[in-house]
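Residues per chain are reported as follows:
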Amino acid sequence: MGNQDSVYRVYSVAEIRAIETDALAMQADAGNADTMSLMQKAGLAAAHLAAELLTQAHAKILVLAGPGNNGGDAFEVAALLSAQGHVVHVLQCGETANYSSDALSSRHKAQAQHVQFIDTAILATLPADWALIIDGLFGIGLKQAPEGSIASLIRDINKLAAELAIPLLALDVPSGLNADTGQVTGADGIAVCATHTISFIGNKTGLHTGAGRDYAGEVSVATLDIPANFFPPGKARLNTAASLKGILQPRKQNSHKGSYGDVIIIGGASGMVGAAILAARAAQFSGAGRIYCGIPGVIPLAPSYDSLHPEIMFRSPEDMDFHNHHVVIGPGLGTSASVQALLTKAIKSAKTLVVDADALNLIAADAALAHLLAARTAASVLTPHPLEAARLLQQGVAEVQADRLLAARKLAQQLNTVVVLKGSGSIICEANGDLSINTTGNPALASGGTGDVLAGVTGALLAQGCTAAEAARIAVWAHAYAADELVAQGVGPIGLTASELLPVIRQNLNLLTKR
Ligand SMILES: NC(=O)C1=CN([C@@H]2O[C@H](COP(=O)(O)OP(=O)(O)OC[C@H]3O[C@@H](n4cnc5c(N)ncnc54)[C@H](O)[C@@H]3O)[C@@H](O)[C@H]2O)[C@@H](O)CC1
Ligand SMILES: [K+]
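Residues numbered from 1 in each chain as written. Chains lettered and ligands numbered in written order. Predicted model: local features only at pLDDT ≥ 70, side-chain atom pairs only at ≥ 80, totals over all residues. Heavy atoms only, no water.

Under an unreviewed UniProt entry, the chain has the name Bifunctional NAD(P)H-hydrate repair enzyme and belongs to Undibacterium hunanense. The heading Subunit (unreviewed entry) in the UniProt record of the chain holds the text "Homotetramer." (UniProt positions renumbered as here; feature names shortened; annotations may be inferred.)

Caption draft 1: Examining the pairing of strand β7 (residues 196-200) more closely. Within β7, five of the five residues are buried, which leaves the element mostly enclosed by the surrounding structure. Side chains H196, I198 and F200 of β7 all project onto a buried face; the interleaved residues T197 and S199 project onto the opposite face, where all are buried too. Where β7 meets strand β9 (residues 218-222), five bridges bridge the pair, whose relative direction is parallel. Each residue of the ladder has a partner; that of F200, found in β9, is A222. (Buried < 20%, exposed > 50% of the residue type's maximum accessible area, 1.4 Å probe, protein only. Helix = DSSP H or I, 4+ residues; strand = E, 2+ residues; numbered from the N terminus. Pairing = 2+ DSSP bridges.)

Caption draft 2: Examining the coordination of the potassium ion (ligand 2) more closely. Looking at the potassium ion (ligand 2), the protein donor atoms are N70 (OD1), D135 (O), D135 (OD), F138 (O), L171 (O), V173 (O) and S175 (OG), and they sit 2.6 to 3.2 Å from it. Taken in chain order, the donor set of the potassium ion (ligand 2) reads N-x64-D-x2-F-x32-L-x1-V-x1-S. A single burial state applies to L171 and to S175, both of which are buried. (Donors = N, O, S within 2.8 Å, 3.2 Å for Na, K, Ca; no water.)

Caption draft 3: How the structure looks around the site of ligand 1. Not every one of the 21 residues close to ligand 1 is listed here, only the nearest: N70, D73, G139, Q144 and D172. Residue E20 places a side-chain N or O atom 3.3 Å away from a nitrogen atom belonging to ligand 1. One of the backbone N or O atoms of G141 is found 2.9 Å from an oxygen atom in ligand 1. Starting from 860 Å² of accessible surface for ligand 1 in isolation, the protein chains cover 82%. Its atoms largely coinciding with the cavity grid, ligand 1 occupies the largest pocket. For the shell around ligand 1, the secondary structure elements donating two or more residues are α1 (13-29), α2 (38-53) and α3 (69-83). (Near = heavy atom within 4 Å. Polar contact = N/O pair within 3.5 Å; in protein donor to acceptor, adjacent residues only side chain to side chain. Areas by Shrake-Rupley, 256 points an atom, 1.4 Å probe, with all protein chains shown as cover. 1 Å grid on protein atoms, 1.4 Å probe; cavity = no way out; pocket = protein on both sides within 12 Å on 5 of 7 lines; lining within 4 Å. Sits in = over half its atoms within 2 Å of the grid points.)

Caption draft 4: A look at the pattern of salt bridges. This model, assessed by the stated rule, comprises nine salt bridges. Note that D129 and K60 form a salt bridge whose closest N and O atoms lie 2.4 Å from each other. One end of the pair, D129, is in the loop between α5 (120-125) and β5 (132-136); the other, K60, is in strand β2 (residues 60-65), with 69 residues separating them in the sequence. In this structure, E76 engages K109 in a salt bridge whose closest nitrogen and oxygen atoms are separated by 2.3 Å. Separated by 33 residues along the polypeptide, E76 in helix α3 and K109 in helix α4 (residues 101-112) bring together distant segments of the chain. (Salt bridge = Lys/Arg side-chain N within 4 Å of Asp/Glu carboxyl O.)

Caption draft 5: Broad picture of the UniProt feature "binding site: K(+)" (unreviewed entry) in the chain. In this numbering, the UniProt entry assigns the feature "binding site: K(+)" (unreviewed entry) to N70, D135 and S175. A maximum C-alpha distance of 9.5 Å is found for the annotated residues, which run over 106 residues; spatially they form one tight group. Lining the largest pocket, from the residues just named, are N70. Relative to the helices and strands, N70 resides in helix α3. A distance of 3.3 Å separates a polar atom in the side chain of N70 from the backbone nitrogen of L137. Among the secondary structure elements, S175 is positioned in the loop between β6 (168-171) and β7. S175 gets classed as buried once you look at its relative accessible area, which sits at 0%. If we skip the residues at most four places from it in the chain, S175 touches N70, D135, L137, F138, I154, I190, A191 and V192. A polar side-chain atom of S175 sits 2.9 Å from the main-chain amide nitrogen of F138. (Contact = heavy atoms within 4.5 Å.)

Caption draft 6: Broad picture of the sheet that holds strand β14 (residues 326-329). Strand order in the open sheet formed by 10 strands is β10-β19-β18-β17-β16-β15-β14-β11-β12-β13, with mixed pairing between adjacent strands. Every other strand in the sheet has two partners, leaving β10 (236-239) and β13 (313-315) as the edge strands with one partner each. Shown here is a sheet whose adjacent strand axes are inclined to one another by a mean of 20 degrees, direction ignored. Of the strand pairs in this sheet, strand β17 (residues 418-421) and strand β18 (residues 427-429) are connected by three bridges, and their pairing is antiparallel. Across the sheet, residue V419 finds its bridge partner in β18, namely C429. Helix-sheet contacts for helix α10 (residues 337-349) involve β11 (262-266), β14 and β15 (352-355), and the interaxial angle to β14 is about 145 degrees. Running at roughly 20 degrees to β17, helix α17 (residues 468-488) makes contact with β10, β16 (380-382), β17, β18 and β19 (435-438) of the sheet. (Axes fitted to C-alpha atoms, helices over the stretch in contact; angles between N-to-C directions.)

Caption draft 7: Here's a closer look at the layout of surface pockets. Of the voids in this model, the largest pocket is the one considered here, and its volume is about 750 Å³. In terms of residue class, the lining of the largest pocket is built from 16 nonpolar, 10 polar and eight charged. Estimates place the volume of the second largest pocket at around 650 Å³. Along the wall of the second largest pocket there are 28 residues; nearest its centre are K422, G423, L445, A446 and T450. Those elements that place two or more of their residues in the lining of the second largest pocket are α7 (212-216), α16 (450-463) and α17. Broken down by element, the residue count for the lining of the second largest pocket peaks at four residues, all from α16. Residues belonging to the lining of the second largest pocket are distributed by class as follows: seven nonpolar, 15 polar and six charged. (Points joined across faces, edges and corners; volume = space filled by probe spheres on them. Nonpolar A, V, L, I, M, F, W, Y, C, P; charged D, E, K, R; others polar.)

Caption draft 8: Seen up close, the packing of α2 against α3. Contact geometry of α2 with α3 gives a least axis separation of 8 Å together with a crossing angle of 55 degrees. In terms of orientation, α2 lies oblique with respect to α3. Where α2 crosses over α3, the two elements pack in a sense that is right-handed. Every residue of α3 that contacts α2 at M39, Q40, A42, G43, L44, A46, A47 and A50 is listed here: N69, G72, D73, E76, V77, L80 and L81. (Parallel < 35°, antiparallel > 145°, perpendicular 65-115°, else oblique. Left-handed = near helix turned anticlockwise from the far one by under 90°.)

Caption draft 9: Molecular detail of the domain arrangement of the chain. Annotation of the chain at the domain level lists domain 1 (3-238) and domain 2 (257-513). Measuring from the centre of the C-alpha atoms in domain 1 to the corresponding centre in domain 2 gives 39 Å. Summing both sides of the interface, domain 1 and domain 2 together bury roughly 1,400 Å²; the carbon and sulfur share of this comes to 44%. Among the salt bridges present, the one from K235 reaches D434, with a minimum N-O distance of 3.1 Å. Connecting domain 1 to domain 2 are 12 residue pairs in polar contact (both at pLDDT 80 or more). (Domains from an automatic or database assignment. Buried area = accessible area lost by both parts, 1.4 Å probe.)

Have a look at this one:
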């Protein structure tokens, strides 16, 4: 990952703490030539964003300040917004005596700016005509699930912001959310449901995957003037359209169908033939040169051609040689013994390989297949949803979801392959642990067939020469962005079909080839 992709980097809390330590050491070495503390800069950046979110002068703003430095940021932003003429109330949830010196000085500033300090009893008596709520309860120092009065406060604040339909701005992290994993902390935990989050120093992984996307809202980053060389390349980045530019090259005039690869889709057990056809159509719409649909065995009423897309060729996968082919195996495959032999052949000989759905379940149930896959040296991509990932890792689905990055990393390393862990904020992880978190997609994709489409798109991109990681990243982005575009047109989230994604995915792939 080079310097040019610094804007896409996402960090763990440990990495952010290390950057912060280095930056503070640099400030000290420079004899504090920079007179503003990081907290003051955080407050300033948050006040800028708050001003953009406010539509009126003299707005009434409620600021929640927790017991640590996140609370210090809250005092700072409260002071700045009050100085701008807004009516700011701060609900402080920490002992004044326990604040750091930075937080105390921000608190004094807020007092000097006539910010009104209130408690929950006073809050209940005030008219609820807030224009903005700012959450400075907990940031990256969250230790456990908020409980008791703080949990009640978060519940009330979420309800209030939703009822008033006002912005709720989280400072650094929505309080209660684990900034690394994107999980709400605690079994019955609660977190602030923000409309906007301003992430300080760097972007954080937990804001973009699992529950993170639902709780963080729109995420922006304030680097607090820390110089670029303080930010290590890191192991994680966001998967955005801009980060994918330049991978798919414009096609050469002097090319032919052989230039864009042969994809074989293997899947479609009895009652599931549609899954294989959807994957085959997806490969067709995604630019592969030739597409074969291989439905194993003899299935009564299995089609011999696709009347809507007669360009797809139907062949017996048992009779095909996979050496020069890009194989996608799994959609609707079933788990019979005969398909196991096909999976073994595919792992051993396919030029590139996408493993999805039932093929993943077969690998989860058979250590020999898993070893065979791990020993493969040619490109492979696995596309499990959390339950399939859980089976592969021999653990519960809750454990996978509790730390999606860790689960994706374990799987990619164990099976020596690129893994796409699907779900909100899909994770694309390489065997060396480098990962991307996808930024597109919505619940319209929660319907049968969308996974088959993703597998087909991935296979087509491998056939066109992408590496496994490139194919997975582009496919995941183009597939999920298609759903975003369709929802924006009113086609979904309710009732979007996997088939409707196909022409929009095609548009998105063509968009990525434009210079
Ligand atoms: N250190 C710095 O230089 C900077 C820190 N910044 C801010 O400081 C934050 C980190 O500060 P802290 O390390 O003080 O951590 P936090 O302010 O996130 O929270 C830690 C405090 O909350 C308490 N706490 C944690 N979980 C709790 C729970 N469930 N119930 C009740 N109390 C709980 C802890 O005992 C501690 O007092 C960042 O998220 C960021 O907002 C920014 O101002 C940027 C600069
Ligand atoms: K917060």
